[in-house]
Amino acid sequence: MPLPPGTPDLEVLDLLVSVAELGSLGAAARRHGISQPAASMRISALERRVRLRLLDRGRTGSVLTDAGQAVVDLAAPLLGAARAVNEGIAALHGAARPSLRIVASTTIADHRIPHWLTALRKLRPELAVVLDVANSRQVTAAIRDREADLGFVEGPHAPAGLGSRVLATDELVVVASPGHPWAARRRPLSWRELAATPLLWREHGSGTRDTVWETLELHGTPAPPAAELGSAAAILTTARNGLAPAVVSRLIVAHELRAGTLCEVQLTDAIVLTRKFRAVWLRRTPPEGPAADLVELAARIEAARTSRH
């Protein structure tokens, strides 16, 4: 019997499930390797197709409506069956190609993973690698739920209950638009002033947010955010437009600082605000094979990079 007219496609149902899991249309788009506008268009098309509003879209994320949650619950067994079919077909083809599934926080995925995977490709050209991108809290959850073989997170501390290895130290800097008063000040900014100022923050679960918040709490209760944004790119654009200063990784803002579209604001003491990049895994299943190779290569590349600087 043919499917009824209007039956949703599996891919868009899978995208909707990802929005439910990650709490963000942008994060779901990254997981599926598409742009956020493309993801929004696909969800909107699904809403028209089923004649239901599935998402409440807000400035800080996307939340499923009751109807959206019902559709997700209905889709779960269908998507599970589809994955079983795909796995069965792969088995029939005798697919024996080794694979590695990794999940990484945004800064690491955008700025460090490409270098590590290039080195891994030279060592294991036959390896198929799948990369998902999320914030550090979501990466930790994915490892605990066995959704990936290996994770990479950023933050001040190792995730509780997971095995980990520090790969690199990442410097965080305070930035403001050229028109902001901080850009012209000659006196360094105190930690107390920074804590008392509404800043642009990443969403809860971000390693950058956890690092900055923990540091500022030592100097007073941090002021309420000027805005909470789901990506580093959104923070840079908003800071450039002058809404508020931000604390971001030097990795992601280096180009802006060189171009003069954002200005670095110096802090009073010589302490550098840093966080750690870590590989994480389930303690009872430490990395082996390709996963172990990737961790070792990443550590070597980052050590060489640090020595050059």
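A. Examining the packing of aromatic side chains more closely. If you walk through the whole model with that rule in mind, you get two aromatic pairs. Aromatic pair tryptophan 116 and phenylalanine 152: ring centres 5.2 Å apart, planes at 50 degrees, arrangement tilted. In this pair, tryptophan 116 is assigned in helix H6 (residues 113-123) and phenylalanine 152 in strand S5 (residues 150-155), connecting sequence segments 36 residues apart. Like tryptophan 116, the residue phenylalanine 152 is buried in the burial classification.

B. Here's a closer look at unusual backbone geometry. One non-glycine residue, arginine 51, adopts positive backbone phi at about 60 degrees. Note on placement: arginine 51 falls in the loop between helix H3 (36-50) and strand S1 (55-58). Judged by its relative accessible area of 74%, arginine 51 is exposed. One non-glycine residue, arginine 146, lies in positive phi territory at about 60 degrees. Take arginine 146: it is sitting in the loop between helix H7 (136-144) and S5.

C. The pattern of salt bridges, seen in detail. According to the stated counting rule, one finds 21 salt bridges in the structure shown. Across the salt bridge formed by aspartate 9 and arginine 49, the nearest N and O atoms sit 3.9 Å from each other. Taken together, the residues aspartate 9 in the segment before helix H1 (10-22) and arginine 49 in helix H3 connect sequence positions 40 residues apart. With a relative accessible area of 41%, arginine 49 lands in the partly exposed category. Arginine 209 is the partner of glutamate 228 in a salt bridge, and the nearest nitrogen-oxygen pair spans 2.8 Å. Taken together, the residues span a long stretch of sequence, with glutamate 228 in strand S8 (residues 227-229) and arginine 209 in helix H10 (residues 207-216) at a distance of 19 residues. For glutamate 228, a relative accessible area of 26% translates into the label partly exposed. When salt bridges with common partners are traced through the structure, they connect Arg112, Glu302 and Arg305 into a single cluster.

D. Spotlight on H7. Buried within H7 we find Ser136, Val139, Thr140, Ala142 and Ile143. End-on view of H7: buried residues confined to an arc of 160 degrees, all on one side of the axis. Where H7 is buried, its residues contact strand S3 (99-105), strand S4 (128-134), S5, strand S6 (162-176), H10 and strand S11 (274-282). The positive-phi residue at the C-terminal boundary of H7 is arginine 146, with phi of around 60 degrees.

E. Representation of the packing of helix H11 (residues 232-240) against helix H12 (residues 250-259) within the structure. Viewed as axis vectors pointing N to C, H11 and H12 meet at an angle of 35 degrees, and their least axial separation amounts to 11 Å. By crossing handedness, the relation of H11 to H12 is classed as right-handed. Contact residues: H11 offers Ala232, Leu236 and Arg240, while H12 offers Ile252, Val253 and Glu256.

Cut-offs used in this document
- Residues numbered from 1 in each chain as written.
- Predicted model: local features only at pLDDT ≥ 70, side-chain atom pairs only at ≥ 80, totals over all residues.
- Heavy atoms only, no water.
- Phe/Tyr/Trp six-rings, centres within 6.5 Å; stacked < 30°, edge-to-face > 60°.
- Helix = DSSP H or I, 4+ residues; strand = E, 2+ residues; numbered from the N terminus.
- Buried < 20%, exposed > 50% of the residue type's maximum accessible area, 1.4 Å probe, protein only.
- Salt bridge = Lys/Arg side-chain N within 4 Å of Asp/Glu carboxyl O.
- Arc of directions from axis to C-beta.
- Contact = heavy atoms within 4.5 Å.
- Axes fitted to C-alpha atoms, helices over the stretch in contact; angles between N-to-C directions.
- Left-handed = near helix turned anticlockwise from the far one by under 90°.

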